[in-house]
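Okay, here's what each chain looks like letter by letter:
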Amino acid sequence: MPRLSWIAAAGVLAFLGLGGAAHAAAPQFKPTACVGDYKDVDLKVQCGNLIVDETRGDPKSRRISVAVAVVKASAPKPGLPPVVYLHGGPGGSALAGLPRMLKSKAPREYVAVDQDWIFIDQRGGGQSNPNLNCPGTNLTDAGPPSDKDKDGIVACLKAFQAQGVNLSRYNAVEVAKDVQDLRQVLKLPMIDLFGGSYGTRIEAAIQTHAPQGVRAVVQDSPWPPEADWTVGGPAMVSSSIDIVMAKCAVVAECAQRYPDLKAKLAVVAERWLAGPQTINGKTYTADDLGGYLMDASYFTAGVLPRDLWKIIQGDVSPVAEFVESRDYYSEGQFMTHLCKEEIPFEARADVAKGTEKDPVARLMVASMQRIHDVCAAIDVKPISKAEQAPVKTAIPTLFLAAEIDPGCPPELTKAASKGYEGSQVVIVTNATHGVSRSSPCVRKMIRGFFQDPTKPVDRSCLPAADTPMVFTYAG
C-alpha cells in the first residue's frame, strides 16, 4: 500500500473506534478536555464532542464526532443567545487557532463579550473525527498545485471510501444539521451565527435547510451558493490584483517605487506560463505563482505592490514562502464540499473562458481545472440543484464584504443579498478578505448587530470610498 493511502486508512481506522455496531441513535454531547494552550486565556472555555450518525436515517450508520468549544461571555447580557462560529475553507479549523484568538486584542472586542460563543470544527476536519486530511499533498483555494497533488488527493479519498467513509455526508447540508443537533443537545432555544469565508456558505445552508432557532446572522466575506468557484475564478483573482495596482498608481510614493506594475507583471506571468522557472537552484511553476497571487490578494494587499516588484526584479522569495506553507487545509474535507456543492454546476472547459488575453488569470486555470479532475474521480452523489439556488430568508443578516477579495468579491454579496429580506450590506473600502480581522469599525458593527439585529448598523466609522490605500514598502 502506498504510504499516502496507508496514512489515510490509519486515520479511518482510528475513527472506526467510535463504534462499529449498528446505530440510528440520537445526537449526544460528551464533555472533554480542551486541546490546545489555554493557560493564558482569561475566559472560561468548555470543550466537548457532538456525537452523531455519519449518515442520518441509516440504522447501520457509524458514529462520528464533531469537536466543540464553548467560550463563556465575560459580561453576559440577559436575553442574548450564544453565537455559533463557522470557520472557512472548506477544510479549515476553528479550534486549532482558538487559544490564539482569545489572547488577541481585536477579536476580544466582540467575541464572547455579551454572548457565549460556540466554536465547532465542522465534520471531517480539525479536531473532529474522522479528519479527512491527506498528508503529503498540497492544496490552496486555487486547487491542487500539481498533478502529483491531484493524484495524491484522489488516492487519499479513495482510501477513506475503501474503509467505509461515506464521502457524500461531508458537506454544508450535513454541517447545517450538525449545528441544529448541537443546538438541541445543548438545549439552546435560539442561536446567532457568525461565519467567515466558506463559513458563510454553511450559514446559507442553515438558513435554507435548517433555520430553526436562528435569530440573527453575520456573514464576513460572503460566498453565496449560486457563485461559481472555478468558472470565472481566475478572472476574480486578476481583478482583485488590478484593484490593488490601481490604488498603488494613485499614491505618489507607491507609483514612484513601482511604476507600470500591471504591464510588467503581465510579462512575468507570460514567462512563467511558457515553462517552469529555475531560480537559485529551485524550480517554480505557473501554478506556484498563481496560487501565491490569489493568497496574497486575499490577505496581504498592503504589501502586494512591494512583493510584486520583487518578483518582477527576479526575487521570488514571496512565492517561495508561499510554496512552503500550502498545507493548511484538510484536503479531503475541502474536496467533499466542492464536489457536492460547487463543481457539479460548473464545466471544466469553462474555467479557461475569458482568460485568453489575461496572463495573470491564466496562471490559475490549470490548478482550478484539477479540482474538476479530483471530483470526477470520487463519488459524493446524490447531487441536488438546491445547493446552487440563491437563499431566500427573512432571518436578519449582516453582510460584511471587502473591496479587495479574489475569492468573495463584493459584487457577489450585492447580488446574493437580494434574497435576504431586510438584510444590511457593508462594503469596506481598502479591506481584504476577512474584514472583521482588520477593521475595528466592523468589529463594533458585529457586536452592535447581535445586540439588536433590527437596527441599522453604525457606518459612521467606515473609511470613505476615496480613501487612499496605505502600503508597506520596507521588508
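Preceding block: the structure.
Basis of the calculations
- Residues numbered from 1 in each chain as written.
- Predicted model: local features only at pLDDT ≥ 70, side-chain atom pairs only at ≥ 80, totals over all residues.
- Heavy atoms only, no water.
- Helix = DSSP H or I, 4+ residues; strand = E, 2+ residues; numbered from the N terminus.
- Rg over C-alpha atoms; globule rule 2.2 N^0.38 Å.
- Buried < 20%, exposed > 50% of the residue type's maximum accessible area, 1.4 Å probe, protein only.
- Contact = heavy atoms within 4.5 Å.
- Areas by Shrake-Rupley, 256 points an atom, 1.4 Å probe, with all protein chains shown as cover.
- Lys, Arg positive; Asp, Glu negative; His and termini not counted.
- Charge placed at Lys NZ, Arg CZ, Asp CG, Glu CD.
- Pairing = 2+ DSSP bridges.
- Axes fitted to C-alpha atoms, helices over the stretch in contact; angles between N-to-C directions.
- Core = buried A, V, L, I, M, F, W, Y, C linked by side-chain atoms within 4.5 Å.
- Polar contact = N/O pair within 3.5 Å; in protein donor to acceptor, adjacent residues only side chain to side chain.
- Parallel < 35°, antiparallel > 145°, perpendicular 65-115°, else oblique.
- Nonpolar A, V, L, I, M, F, W, Y, C, P; charged D, E, K, R; others polar.
- Right-handed = clockwise from strand over helix to strand, strands pointing away.
- Expected span 1.5 Å × (residues − 1).

Enquirer: Whenever I open this one, the overall build of the protein chain confuses me. Can you help?
Expert: Helices and strands together make up the secondary structure of the protein chain, namely 17 helices and 11 strands. Relative to the globule expectation of 23 Å for 475 residues, the C-alpha radius of gyration of the protein chain, 22 Å, shows essentially globular dimensions. Evaluated residue by residue, the protein chain yields a buried proportion of 57% over its 475 residues. Looking at the protein chain alone, contacts between residues at least 24 apart form 79% of all its contacts between residues at least 6 apart. For the protein chain, the exposed surface amounts to about 18800 Å²; the carbon and sulfur share of it is 55%. If you average the places of the 50 positive and of the 51 negative side-chain charges in the protein chain, the two averages end up 3 Å apart.

Enquirer: Explain the sheet that holds strand β2 (residues 45–53) to me, please; I cannot follow it from the model alone.
Expert: Paired through backbone hydrogen bonds, the strands of a sheet run either parallel or antiparallel to each other. Strand order in the open sheet made by the 9 strands is β1-β2-β3-β5-β4-β6-β7-β10-β11, with mixed pairing throughout. Where the open sheet ends on each side, the last strands, each with one partner, are β1 (28–32) and β11 (424–432). Here the average twist between neighbouring strands, direction ignored, is 25°. The pairing of strand β10 (residues 397–404) with β11 spans 6 bridges and is parallel. Considered in β11, the bridge of A402 is made with V428. Of the strands in this sheet, β4 (83–86), β6 (191–196), β7 (214–220) and β10 touch helix α5 (residues 198–209), which is tilted by about 145° from β6.

Enquirer: Looking at this structure, I do not really get the side chain of T140. What am I missing?
Expert: Of note, T140 is situated in the loop between β5 (117–120) and α3 (147–162). Residue T140 is classed as buried on the basis of its relative accessible area of 5%. Other than its neighbours up to four places away in sequence, T140 contacts F322, R326, Y328, Y329 and F334.

Enquirer: Explanation requested: the nonpolar core in the structure shown.
Expert: In a soluble, globular protein the nonpolar side chains are often hidden away together inside. Residues L86, I118, I120, L193, I206 and M335 are the most contacted members of the largest nonpolar core, which totals 53 residues. Apart from residues lying up to four places away in sequence, M335 is in contact with I153, L157, I371, V374 and C375. If you look at the next biggest cluster of nonpolar residues, it comprises 44 residues, including A142, V251, I312 and V319.

Enquirer: When you look at the side chain of S240 in this model, what are you seeing that I'm missing?
Expert: Turning to its location among the elements, S240 is positioned in helix α6 (residues 233–249). By relative accessible area, S240 is classed as buried at 3%. At 2.8 Å, the side chain of S240 and the backbone oxygen of V237 are in polar contact. For S240, the contacting residues outside a window of four places in its chain are S297, I404, D405 and P406.

Enquirer: How do you make sense of the packing of α6 against helix α8 (residues 261–274) when you look at a structure like this?
Expert: In contact at an axis separation of 10 Å, α6 and α8 are set at 140° when each is read in the N-to-C sense. The angle between α6 and α8 falls in the class oblique. Between α6 and α8, the residues in contact are I241, D242, M245 and C248 and L261, K262 and L265, respectively. Grouping the amino acids of the contact of α6 with α8 by side-chain chemistry returns 5 nonpolar, no polar and 2 charged.

Enquirer: So what exactly am I meant to see when it comes to the pairing of β6 here?
Expert: Two faces, one strand: in a regular strand the side chains alternate between the faces of the sheet. The element β6 is largely enclosed, with a buried count of 6 among its 6 residues. With 4 bridges joining them, β4 and β6 adopt parallel strand pairing. Residue pairing in the sheet places V83 in a bridge with D192 of β6. For the crossover from β6 across α5 to β7, the handedness is right-handed.

Enquirer: Quick question: what am I supposed to make of the environment of P225 here?
Expert: Within the fold, P225 resides in the loop between β7 and α6. Residues P225 and I202, 23 residues apart in the sequence, show an inter-C-alpha distance of 9.3 Å. Setting aside residues no more than four positions away along its own chain, P225 makes contact with R201, A204, E387, Q388, A389 and V391.

Enquirer: In this structure, what is going on with helix α9 (residues 286–299)? I would like to understand it.
Expert: Helical geometry: 3.6 residues make up each α-helical turn, so side chains three or four residues apart lie on a common side. The end-to-end C-alpha distance of α9 is 20 Å, a good match for the 20 Å that 14 residues give at a rise of 1.5 Å each. Counting buried positions over the 14 residues of α9 gives 12, a clear majority of the element. The complete set of buried residues in α9 reads A286, D287, D288, L289, G290, G291, Y292, L293, M294, A296, S297 and Y298.

Interpretation note: all reported values are geometric properties and have no functional meaning in isolation.
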